[in-house]
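Inside the fold
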Amino acid sequence: MSGALAELYQQLIIEHSRSPRNQRAVAGANRTAEGINPLCGDQITLQLRVEGDRVADVGFEGSGCAISKASASLMTGAVLGKTLAEADALFEQFHQMVTSRADAPVSDAALGKLAALAGVRAFPARVKCASLAWHTLHAALAGGGAVSTESATE
Amino acid sequence: MLDATRVREDFPILATGSDGRRLIYLDNAATTQKPRRVIDAVRQYYESSNANVHRGAYALAVRATELYEAARERVAGFVGAWGPESVVFTRGTTEAINLVATSWGRAHVRAGDSVVVTAMDHHSNLIPWQLLCREREATLRMVGVTPEGAIDQDDLRSALARGPRLVAFPFVSNALGTINPAAELVRMAHEVGAAVLIDGAQAAPHLPVDLQALDCDFFAFSGHKMLGPMGSGGLVAKPALLDAMPPYQGGGEMIAQVWDDRATWNRIPHKFEAGTPNVAAAVGLMAAMDYLDGLGRGAVAAHESALARGAIDRLGELDGVRVFGPRGDRSGVVSFVFGGIHPHDLATIVDQDGVCIRAGHHCAQPLMRRLGVPATARASFYVYNDVSDIDVLIGALRKAAALFRVSV
Ligand SMILES: Cc1ncc(COP(=O)(O)O)c(C=O)c1O
């Protein structure tokens, strides 16, 4: 197996894709958004319960590839309990990581487990799979609705 | 079977690389690779015959026009059309169907009418009819698909009972590999007075097609799926229908006389070819049809169908494979899911072994919903594939299983 493929499908990613965390509806959710990737049919519904300026609970439902599921699992774990500003900062950092060059250094300190998804950079066709959950989070926090990796939705 | 090793020598992109590997291209339902003969025809056209068509009085323009019209005649012969005037060149299937939905559709479909499509239609044979029916306040009726991947005949009969204006269906399904009984479907639709459009995108490349015998009204196809250049393809229609249809796009070439506030139309098929056409693509398509006839179209169909059956048998050796579509007679398209591994992950992983397969909804979301899967993996075979390609695919799938720790 190639190094890039092993990097993409590393242990942590496979594990999160097979037993995703926070794959459930959220009781008392007050923010929600749906994200779709029309090119491949990945679909995620994200629910959050925001209390004050904190993410008190977050969960996702939907279907997708291993990368999009693992990313949703890791994302929900990362933002749970964070302030909205912190969640937004993570979104920015994650976005920067997956859109950087494949050989650019990755800051483990800022990203923690999320750094495991840096492997998608060697697979441009899969970057959208990794970022779908994050764009959906961004939409939910910005007021909800629907996002699409191909922008225009009806 | 065709001698695929020999065939591959005609396709530069499939040559073995310096690393001893070659491309295992199994996404032929999306587009096919091009033989040297087609690439050369396009190059030669630009090197020695390029001029705008139907306009110049000089010899070069005459030559370009003759080539373009020869390609039209070649298409007519290739699909058994009613004559060259029944062939309108378009960018491909999608544009051909949009032409019919817009021009014929607006002239014939009124409020309360119905248009019939099937649940196995490609989005390009669905959305144009959705748009038309919305605009006209007509009903779009989608006929179901049986668990074996055939058009549900009972459901079709009930849809026909309503007396639809038009019935549209794919000759061959790009997502299931089903070969529909086109002649019989045409007859059923005509019995209730409906016009018939056949999406031939997956038929023209793979089966002998005789439109006069089929008796359909409209037939759409894409040249790039049959070894021809991107941007080649067309609508083939009964001349009397084309003659009565209003223009689709306006511009040069499609007119007879123009005044300040009105115009009259050129004769068919030129009435439907506004603007400068893709002459090089038509010339390349002609070379592609020559190449396919050289192989023999019956031989092509038999080759693909043998590979598809072989692939289905080999996939059956793996635990946890579900193959969609008919078991018996089928085209070279094999759609499957495997071991709970998402098709996208499969496609990325087998790509590491040089295997190109498609993952996704194959532009058939209503069908995916009925199959109960968000996506499938799809291997589709053509003239340059052989059983060694299937071996590599199966080997690559085993690697994917190992990576995801799925037991096979
Ligand atoms: C059955 C079918 N119809 C229509 C199309 C659309 O063809 P094109 O994109 O060449 O217009 C395709 C190809 O994707 C197809 O497989």
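One can find the structure itself at the top, above this paragraph.
Presented here is a report on the structure given in the accompanying data block.

Topic: the nonpolar core
- If you look at the biggest cluster of nonpolar residues, it comprises 80 residues, and the most contacted ones within it are Tyr9(A) and Ile67(A).
- Sorting elements by how many residues they give to this core places helix α6 (residues 127–141) of chain A first, with 10 residues.
- Setting aside residues no more than four positions away along its own chain, Tyr9(A) makes contact with Ile14(A), Ala66(A), Ile67(A), Arg126(A), His344(B), Asp345(B), Thr348(B), Ile349(B), Leu403(B) and Phe404(B).

With respect to the side chain of Asp27(B)
All names here are of chain B.
- Within the secondary structure, Asp-27 sits in the loop between β1 (24–25) and α2 (36–49).
- Classification of Asp-27 as buried rests on a relative accessible area of 11%.
- Sequence-distant contacts of Asp-27, that is, excluding residues within four places in its chain, are made with Cys-356, Arg-358, Arg-378 and Ser-380.

Overview of the sheet that holds strand β1 (residues 31–37) of chain A
Residues and elements named next belong to chain A.
- What the four strands build is an open sheet, ordered β3-β2-β1-β4; its pairing is mixed. Looking at which strands have only one partner, the edges of the open sheet turn out to be β3 (54–63) and β4 (145–148). The sheet shows a mean angle of 20° between the axes of neighbouring strands, taken without regard to direction.
- Summarising the sheet, β1 and strand β2 (residues 42–51) pair through seven bridges and their orientation is antiparallel. When the bridges of β2 are listed, Ala-33 appears paired with Leu-46.

Some points on the interface of chain A and chain B
- Chain A puts 21 residues into the contact, and the matching count from chain B is 15 residues.
- Summing both partners gives a buried area of about 1,500 Å² for chain A against chain B, and 55% of it is carried by carbon and sulfur.
- On the chain A side of the interface with chain B, the three residues burying the most area are Tyr9(A), Arg18(A) and Cys40(A), jointly 30% of the side's total.
- Linking chain A with chain B are one salt bridge.
- Between Asp345(B) and Arg126(A) there is a salt bridge, and its shortest N-O distance comes to 2.8 Å.
- Here chain A is connected to chain B by seven residue pairs in polar contact (both at pLDDT 80 or more).
- When residues of the side of chain A that touches chain B are traced back to their parent elements, those giving at least two are α1 (3–8), α2 (11–18) and α3 (66–79) of chain A.
- The element contributing the most residues to the side of chain A that touches chain B is α2(A), with four residues.
- A class-by-class count of the residues in the side of chain A that touches chain B yields 12 nonpolar, six polar and three charged.

Rules of the game
Along each chain, the written sequence defines residue order, and numbers are assigned to residues from 1. The order in which chains are written sets their letters, starting at A; the order in which ligands are written sets their numbers, starting at 1. Owing to the predicted nature of the model, reporting of local features is limited to residues with pLDDT of at least 70; listing and counting of side-chain atom pairs is limited to 80 or more, with chain, interface and lining totals taken over all residues. Calculation of side-chain values draws on the structure's entire complement of heavy atoms; hydrogens and water are dropped beforehand. Remark: nonpolar core denotes a set of buried residues (Ala, Val, Leu, Ile, Met, Phe, Trp, Tyr, Cys) joined through side-chain atoms within 4.5 Å. Burial classification: accessible surface area is computed with a 1.4 Å probe over protein chains only, and a residue below 20% of its type maximum counts as buried, one above 50% as exposed, and the rest as partly exposed. Only DSSP runs of H or I with at least four residues qualify as helices, and only runs of E with at least two residues qualify as strands; both kinds are numbered from the N terminus onward. Residue contacts are defined here by distance: any two heavy atoms, one from each residue, within 4.5 Å place the two residues in contact. Two strands qualify as a pair provided DSSP detects at least 2 bridges between them. Axis lines are fitted to C-alpha atoms, over the contacting stretch for helices. Their N-to-C directions set the angle, which ranges from 0 to 180 degrees. Defined in terms of a 1.4 Å probe, buried area is the accessible area two parts forfeit on being brought together, summed over both. By salt bridge we mean one thing: a side-chain nitrogen of Lys or Arg within 4 Å of a carboxyl oxygen of Asp or Glu. Polar contact is defined as a pair of N or O atoms within 3.5 Å, subject to the rule that within protein one atom must be able to donate a hydrogen and the other to accept it, and that residues adjacent in sequence are counted only when both atoms are side-chain atoms. For this classification, the nonpolar set comprises Ala, Val, Leu, Ile, Met, Phe, Trp, Tyr, Cys and Pro, the charged set comprises Asp, Glu, Lys and Arg, and every other residue, Gly included, is treated as polar.

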